[in-house]
Amino acid sequence: MDWPITAWRAARPSPPDAAPDPAVHKPFALVERTTHGLILHALNPAAHALGLKLHQSHADACAIVPELASAPADPVEDAKALRRLAGWMERYSPFVSLDPSPGGLEGLFLDLTGGQHLFGGEAAMARAMLASLERLDVPARIAVADTPGAAWALARHGDATLTLAPEGEAKTALAALPVAALRLDASAIQLLNRFGLRRIGALATLPRAALARRFQDAQALNVLQRLDQALGTLPEPLTPVTAPTVYRVQRVFAEPMTNLEAVAIEAAALTERLALALERDGVGARRLHLTGFRVDGRTTGLDVRLAAASRRAAHLLRLFRDKGFEHLDLGFGIDALALTASVTEPLHARQTSTLADADQANAAARDALVDRLSARLGDGAVLAAHLAESWLPETAETLGPYASRSETPPDPAVGTRPILLFDPPEPIEAVAELPDSAPARFTWRRVARRVLRSSGPERLAPEWWKAAGGCKPKRTRDYYRVEDDQGGRYWVFREGLYDGGDVDPPPSWWMQGLFA
Amino acid sequence: MSSLAYVELDVRSNFSFLEGGSKAEELIVQAYALGLTGFGLCDRNTLAGVVRAHRALRRLKEDDDEETVALRQAHGEVRLRYFVGSRLVFRDGNELLVYPRDRAAYGRLCRMLSLGKSRIDAGGSAPGKDDPDRIEKGDCRLDFADAATLGEGLIALAPAPERIDDVFERRLLTWREAWPDQFYLAAAPRRRGDDRARLNRLAGIAARTGAPMVATNAVLYHHPDRRPLQDVLTCIREKTTIDEAGFRLEANAERHLKPAVEMARLFRGHEAALARTVEIADQLSFRLTDLSYQYPHEPVPPGWTANRRLAQLAFRGARARFPDGVSASVVETLKKELRLIRKVDYPHYFLTVHDVVQEARRLGILCQGRGSAANSVVCFCLGVTGVDPTSQDLLFERFLSEERKEPPDIDVDFEHERREEVMQYMYTRYGRHRAAICATVIHYRPRSAIRDVGKALGLTEDVTAALANTVWG
């Protein structure tokens, strides 16, 4: 309850035991600066008890309760803190979603489906949650019900801090609650109250058609929608803080663990378990998170990415090791550790052949090497050549992240390219017929060669939109494939056109590459 | 100038929107300066550029301003011939260049393009944005079959595609067999290192399919300096930026107009392909000057000439206007006016107006001619205007004169509530078949041009907006 105040207190060192915490025992408010001056953003129970209301102006509140203590509110930080708490609550369920209901009604939805037995049933689980939140000094109210709407209502308007609504009995459980428990806006509540509809039970017994007719505007829709959501006749999708992950293994410790070596051992055990789960489904991980749940309600973690999907436990563990367990900030210790594969890809078992798919084995070994290098040196440190759409050989490839490389062959629109390119090209001396015939003779590396066969020209114009400079060509080139009397095949070009008016400096000849 | 003759038959101007990088005028001047024998403009599914090219050529030949005089001094007499053509881009993306031999074939070509463009309604009622049947501005829905049925008198050239394969050869054979007139294969050097092999291959295909190979340069701009502009246009067309466009841009700046010697060098070993350009050009007798206004013949009775009919009506009207006898001066003026009308050849126009006024009178719709037409005794006698100009001493030359070289303007007011009836009469009398599309050509205004070019160059919205604000219009 009153999340902003809880968050505010959590963000500050608790006062020495002797001194009473002002935010607990005395009327205390967080104030927000608006265009209408300071208004009350959140109140503690003591302040509520003295009749202060949310959104009241701070001046009015001080007139009513002169001893009111206050501090500036920070909604952004509050939201972050709520998100952090949500992350921490993932120890109970992988599906936690935020409920940023304003006005001190903030909360979290946890989908417990399928996980209760791990904690000894719903009731025991809820009690464990309550206890752990209490240790974190988070005053919490918990309700377990069939629908998010019903749980919301029971947690905030129920009698106890812990309410369990038996399955299928949402209607009876909600009947006695005020209509405000349906998450309606103030004007809708006021309207319903004016009609004498104060309890959800009264509202639910009315014929729907009459209700809809009576409230023929957006509010009515909202009333019916909220009612249906609470009773489960209308689905209410929730967005989890962390996208649902299928592959997740977790371990809870009896004592908070502060020793990194012990964490590494636990991580090894988790990796083994995860690898089994991945193998069962024929998938491999591309991205892994190791998350430690700290006793102070925060989490700490390590992320690794893989260049190619893998499920070899030893490899996965080595990646974490290379990344360094020492980067985990255990704080006062962690009491749970989870390993999640958030991105997975199908990875089928491969028959090893006697003729040894050397290529495949090599590729796997190369991917493993790249993973280890990236884990140690950082993601940007391992690059691969990518094809770029450019006619000019110098700019036809660029370096990019290894993982995003494509194996597509070069576009056939580009002419034949040699297997070896000189960058920069080497100057040659050539004799050729004007204006654009292939050279008849040329001298390269001080050896004169006589051309027997040739083809071309392939005329490539400079990329005018790129800044001049470096080794980028500034003049049009004519490329020729030539074969000399020794059987050597070359890719030579003339920079500058004789018929294009390039006289100063005159066109020059270059060796760009060798064909096989 | 060289004795080599060459006619460039594959040229796109900026009327092939976002494809051609030069204006028709620039192309004409360049073709003349390079000493080409002839020049055929064929823009994508349109004839919109033909008038510009025609006018540019006439200006070169006739005008005596500084620029043309200087050009003529530098390059000699203007012998350049200009041919009207169009590039048909079919629904399946294949292309065909067509050149009308004569006036009738030109008419069929126009009908073909009208058919393609009027298929806009074929999809049904009010197509939505995502409707595959929706037609964008300038769209043309034409198939080879449509073109072939109207192809009589049209010489066709099929441009060789980027990739030459068996599919192309089969298509070429089918097309050649189906085309009602001469059919050629247009080959252009690409300067991609394989020209010799490519041209030999195309020559082989030409021999097998019976579609002789014709040399062209698939021109996109008049001068190699236009390559940057053409690249930018490609980016705008492909909705990308210059850095992303990659292979969609041309590898070089070779698609400009080239002189005959250069074309001969590029087509060495295929001299016949070069000669065929002239052979084709010699068969094209159609000129834009063959086109003139064609007046409806309806009001003229069969067997009559329009002038005789007009004279008859005028004198018959005169007797009605002057029941006491037509004075000699009136007869004199009438004869003088009729002579002039015959001379400037507008009798049909008077007959049409007379016909409309007649019908309005029959329906009891009030109408009255006004303005300068009141100066004409012919109009008075035809009942178009109501005031006798001889009694007012009005000057006929204000209405129609030889020097003006433009049709006279007869304003007739109709009772406004019944004007619609007159219009309906016009529709039924003169018919739908006389309706034509006036060319609507999409073009850039300076601001949107700057915005699109900026986008293609990868500038931010802010920068282009700031640049666009610096120009007016």
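How each quantity is defined
- Residues numbered from 1 in each chain as written.
- Chains lettered and ligands numbered in written order.
- Predicted model: local features only at pLDDT ≥ 70, side-chain atom pairs only at ≥ 80, totals over all residues.
- Heavy atoms only, no water.
- Helix = DSSP H or I, 4+ residues; strand = E, 2+ residues; numbered from the N terminus.
- Buried < 20%, exposed > 50% of the residue type's maximum accessible area, 1.4 Å probe, protein only.
- Contact = heavy atoms within 4.5 Å.
- Areas by Shrake-Rupley, 256 points an atom, 1.4 Å probe, with all protein chains shown as cover.
- Buried area = accessible area lost by both parts, 1.4 Å probe.
- Salt bridge = Lys/Arg side-chain N within 4 Å of Asp/Glu carboxyl O.
- Polar contact = N/O pair within 3.5 Å; in protein donor to acceptor, adjacent residues only side chain to side chain.
- Nonpolar A, V, L, I, M, F, W, Y, C, P; charged D, E, K, R; others polar.
- Phe/Tyr/Trp six-rings, centres within 6.5 Å; stacked < 30°, edge-to-face > 60°.
- Patch = residues over 30% accessible without salt bridge, like charges linked within 9 Å, V, L, I, M, F, W, Y side chains within 5 Å.
- Lys, Arg positive; Asp, Glu negative; His and termini not counted.
- Charge placed at Lys NZ, Arg CZ, Asp CG, Glu CD.
- Pairing = 2+ DSSP bridges.
- Axes fitted to C-alpha atoms, helices over the stretch in contact; angles between N-to-C directions.
- Parallel < 35°, antiparallel > 145°, perpendicular 65-115°, else oblique.
- Core = buried A, V, L, I, M, F, W, Y, C linked by side-chain atoms within 4.5 Å.
- Expected span 1.5 Å × (residues − 1).
- Left-handed = near helix turned anticlockwise from the far one by under 90°.
- Right-handed = clockwise from strand over helix to strand, strands pointing away.
- pLDDT = per-residue confidence, 0-100.

Points about the overall build of chain B
(1) Moving on: Regarding its fold elements, chain B presents 18 helices and nine strands.
(2) Moving on: Within chain B, the fraction of its 473 residues that count as buried is 47%.
(3) Moving on: Restricting to contacts in chain B with at least 6 residues of sequence separation, those with at least 24 account for 76%.
(4) Moving on: Entry remark: accessible area of chain B is about 24,200 Å², with carbon and sulfur atoms responsible for 51%.

Structural notes on the overall build of chain A
(1) Moving on: A count of helical and extended segments in chain A gives 15 helices and 19 strands.
(2) Moving on: In chain A, the proportion of contacts linking residues at least 24 apart, taken out of those at least 6 apart, comes to 55%.
(3) Moving on: Accessible area for chain A stands at about 27,600 Å²; split by element, carbon and sulfur atoms hold 55% of it.

Quick look at unusual backbone geometry
All names here are of chain A.
(1) Moving on: Between Asp423 and Pro424 the backbone carries a cis peptide bond, its omega angle lying at 5°.
(2) Moving on: Residue Pro435 follows Leu434 across a cis peptide bond; omega there is -5°.
(3) Moving on: Residue position: Pro435 is located in the loop between strand E14 (420–432) and strand E15 (439–444).
(4) Moving on: The phi dihedral of Asp137 falls on the positive side, at around 65°, and the residue is not glycine.
(5) Moving on: Look at Asp137 and you get partly exposed, because its relative accessible area is 42%.
(6) Moving on: One non-glycine residue, Arg445, lies in the positive phi region at around 50°.
(7) Moving on: Turning to its location among the elements, Arg445 is positioned in the loop between E15 and strand E16 (447–460).

Structural notes on the environment of Ala53 of chain B
Residue and element names in this part refer to chain B.
(1) Moving on: Examined against the element boundaries, Ala53 turns out to sit in helix H2 (residues 50–62).
(2) Moving on: When the C-alpha positions of Ala53 and Ile28 are compared, they lie 6.4 Å apart, and in sequence the two are 25 residues distant.
(3) Moving on: Among residues more than four places away in sequence, those in contact with Ala53 are Ala24, Ile28, Leu41 and Tyr82.

What to know about the interface of chain A and chain B
(1) Moving on: Every contact between the two is made by 23 residues of chain A and, on the other side, 24 residues of chain B.
(2) Moving on: Of the roughly 2,000 Å² buried between chain A and chain B on both sides combined, carbon and sulfur atoms contribute 54%.
(3) Moving on: For the interface between chain A and chain B, the tally reads three salt bridges.
(4) Moving on: Arg191 of chain B is the salt-bridge partner of Asp436 of chain A, the closest N and O atoms lying 2.7 Å from each other.
(5) Moving on: For the pair chain A and chain B, the interface holds twelve residue pairs in polar contact (both at pLDDT 80 or more).
(6) Moving on: Each residue belonging to the side of chain A that touches chain B can be placed in one class, and the counts come to twelve nonpolar, four polar and seven charged.

Re the packing of aromatic side chains
Residues and elements named next belong to chain A.
(1) Moving on: This structure, assessed with the given rule, holds 20 aromatic pairs over all chains.
(2) Moving on: With a centroid separation of 5.6 Å and an interplanar angle of 50°, the aromatic rings of Phe422 and Trp444 are classed as tilted. In this pair, Phe422 is assigned in strand E14 and Trp444 in strand E15, connecting sequence segments 22 residues apart. Each member of the pair, Phe422 together with Trp444, is buried.

A word on a negative patch on the surface
Residues and elements named next belong to chain A.
(1) Moving on: A cluster of like negative charges, contributed by Glu122, Asp146, Glu167 and Glu169, occupies part of the molecular surface.
(2) Moving on: Among the secondary structure elements, Glu167 is positioned in the loop between strand E7 (162–164) and helix H8 (170–175).
(3) Moving on: The exposure class assigned to Glu167 is exposed, which follows from its relative accessible area of 75%.

Some words on the pattern of salt bridges
Two side chains bearing opposite charge may form a pair once their charged atoms approach each other closely.
(1) Moving on: According to the stated counting rule, one finds 50 salt bridges over all chains in the structure shown.
(2) Moving on: Residue Arg450 of chain A is joined to Asp485 of chain A by a salt bridge in which the shortest nitrogen-to-oxygen separation is 3.9 Å. Here the residue Arg450 of chain A occupies a position in strand E16, and Asp485 of chain A occupies one in the loop between strand E17 (477–484) and strand E18 (489–495), the gap between them amounting to 35 residues.
(3) Moving on: Residues Arg59 of chain B and Asp65 of chain B are paired through a salt bridge, measuring 3.4 Å at the closest nitrogen-oxygen approach.
(4) Moving on: Salt bridges sharing common partners tie together Asp436, Arg459, Asp478 and Arg494 of chain A together with Arg191, Asp195, Glu254, Lys258, Glu262 and Arg265 of chain B.

Observations regarding the sheet that holds strand E8 (residues 247–257) of chain A
Residues and elements named next belong to chain A.
(1) Moving on: Taken together, four strands build an open sheet; the order of strands is E8-E11-E9-E10 and the sheet is antiparallel. This sheet does not close on itself; its edge strands, each paired only once, are E8 and strand E10 (299–310). Ignoring strand direction, the axes of neighbouring strands in this sheet form an average angle of 10°.
(2) Moving on: Two elements, strand E9 (residues 283–294) and strand E11 (residues 334–346), share eleven bridges in a ladder whose sense is antiparallel. Across the sheet, Gly284 pairs through a bridge with Glu345, a residue of E11.

Quick word on the side chain of Ser86 of chain B
Residues and elements named next belong to chain B.
(1) Moving on: Position of Ser86 relative to the elements: it lies in strand E3 (residues 81–89).
(2) Moving on: Here Asp43 takes part through its backbone oxygen, which lies 3.3 Å from a polar atom of the side chain of Ser86.
(3) Moving on: Polar side-chain contacts of Ser86 include one of 3.0 Å to the backbone oxygen of Thr46.
(4) Moving on: When near neighbours in sequence (up to four residues on either side) are disregarded, Ser86 contacts Leu41, Cys42, Asp43, Asn45, Thr46, Leu47, Leu96, Leu97, Val98, Leu109 and Leu113.

What about the packing of helix H8 (residues 227–238) of chain B against helix H17 (residues 446–456) of chain B?
All names here are of chain B.
(1) Moving on: Packing of H8 against H17 leaves a shortest axis separation of 9 Å and a crossing angle of 90°. Considering the angle they form, H8 stands roughly perpendicular to H17. Residue-level contacts link Val232, Cys235 and Ile236 of H8 to Asp452, Val453 and Ala456 of H17.
(2) Moving on: Looking at the contact of H8 with H17 residue by residue, the class counts come to five nonpolar, no polar and one charged.

Points about the nonpolar core
(1) Moving on: Of all hydrophobic cores here, the largest spans 66 residues; its most connected members are Phe39, Leu96 and Trp179 of chain B.
(2) Moving on: When residues no more than four places from it in sequence are discounted, the contact partners of Phe39 of chain B are Val7, Glu8, Val11, Leu27, Ile28, Ala31, Leu80, Arg81, Tyr82, Phe83 and Leu257 of chain B.

Side note on helix H4 (residues 103–118) of chain B
(1) Moving on: Along its 16 residues, H4 of chain B runs 22 Å from first to last C-alpha, staying within 8% of the 22 Å computed at 1.5 Å per residue.
(2) Moving on: On its buried face, H4 of chain B is in contact with E3, strand E4 (95–100), helix H5 (144–149) and strand E5 (154–159) of chain B.

Observations concerning helix H13 (residues 260–281) of chain A
All names here are of chain A.
(1) Moving on: With 22 residues, H13 should reach 32 Å at 1.5 Å per residue; the first-to-last C-alpha distance of 31 Å fits that figure.
(2) Moving on: Three or more residues of H13 are buried, namely Val263, Ala264, Glu266, Ala267, Leu270, Thr271, Leu274, Ala275, Ala277 and Leu278.
(3) Moving on: Contacts made by the buried residues of H13 are with E8, E9, E10, helix H14 (313–323) and E11.
(4) Moving on: Between the side-chain oxygen of the N-cap and the backbone nitrogen of Glu261 there are 2.8 Å, and the N-cap of H13 in question is Asn259.
(5) Moving on: Backbone geometry just downstream of H13 places Gly282 in the positive-phi region, at approximately 65°.

Comments concerning the sheet that holds E18 of chain A
Residues and elements named next belong to chain A.
(1) Moving on: Overall, antiparallel pairing links the six strands, which are arranged E14-E15-E16-E17-E18-E19 in a closed barrel. Averaged over all adjacent pairs, the angle separating strand axes in this sheet is 45°, with direction ignored.
(2) Moving on: In this sheet, E18 lies alongside E17 in antiparallel orientation, the contact comprising seven bridges. Within E18, the position partnered with Glu483 by the bridge is Arg489.

Topic: the packing of helix H11 (residues 306–321) of chain B against helix H13 (residues 347–362) of chain B
All names here are of chain B.
(1) Moving on: Interhelical geometry of H11 versus H13 gives an angle of 50° and a closest axis separation of 9 Å. Taken together, H11 and H13 sit at an angle that is classed as oblique. Here H11 runs over H13; the crossing is left-handed. On H13, the residues that touch Ala306, Asn307, Arg309, Leu310 and Leu313 of H11 are Pro347, His348, Phe350, Leu351 and His354.
(2) Moving on: Tallied by class, the residues present in the contact of H11 with H13 amount to six nonpolar, three polar and one charged.

Side note on the pairing of strand E1 (residues 7–11) of chain B
(1) Moving on: Across the five residues that make up E1 of chain B, a large majority, five, are buried.
(2) Moving on: You can see the chain leave E1 of chain B, run along helix H1 (residues 24–33) of chain B and come back into strand E2 (residues 38–44) of chain B, and the turn it takes is right-handed.

Looking at the confidence of the model for chain B
Residue and element names in this part refer to chain B.
(1) Moving on: On average, residues of chain B score 87 in pLDDT, and 93% of them reach the 70 mark or higher.
(2) Moving on: Counted against residues more than four places away or in other chains, residues 122–129, with its pLDDT under 50, gives four contacts.
(3) Moving on: Among the prediction metrics, the complex's ipTM stands at 0.77, with pTM recorded as 0.62.

A short note on the environment of Arg494 of chain A
All names here are of chain A.
(1) Moving on: Along the chain, Arg494 turns up in strand E18.
(2) Moving on: With a relative accessible area of 1%, Arg494 lands in the buried category.
(3) Moving on: Arg494 sits 66 residues away from Ile428 along the chain, and the two C-alpha atoms are 9.7 Å apart.
(4) Moving on: The residues touching Arg494, leaving out its near neighbours within four places in the chain, are Pro435, Asp436, Thr476, Arg477, Asp478, Tyr480, Pro507, Ser508 and Trp509.
(5) Moving on: At 3.0 Å, the side chain of Arg494 forms a polar contact with the side chain of Tyr480.
(6) Moving on: Among the polar contacts made by the side chain of Arg494, one reaches the main-chain carbonyl oxygen of Gly496 at a distance of 2.7 Å.

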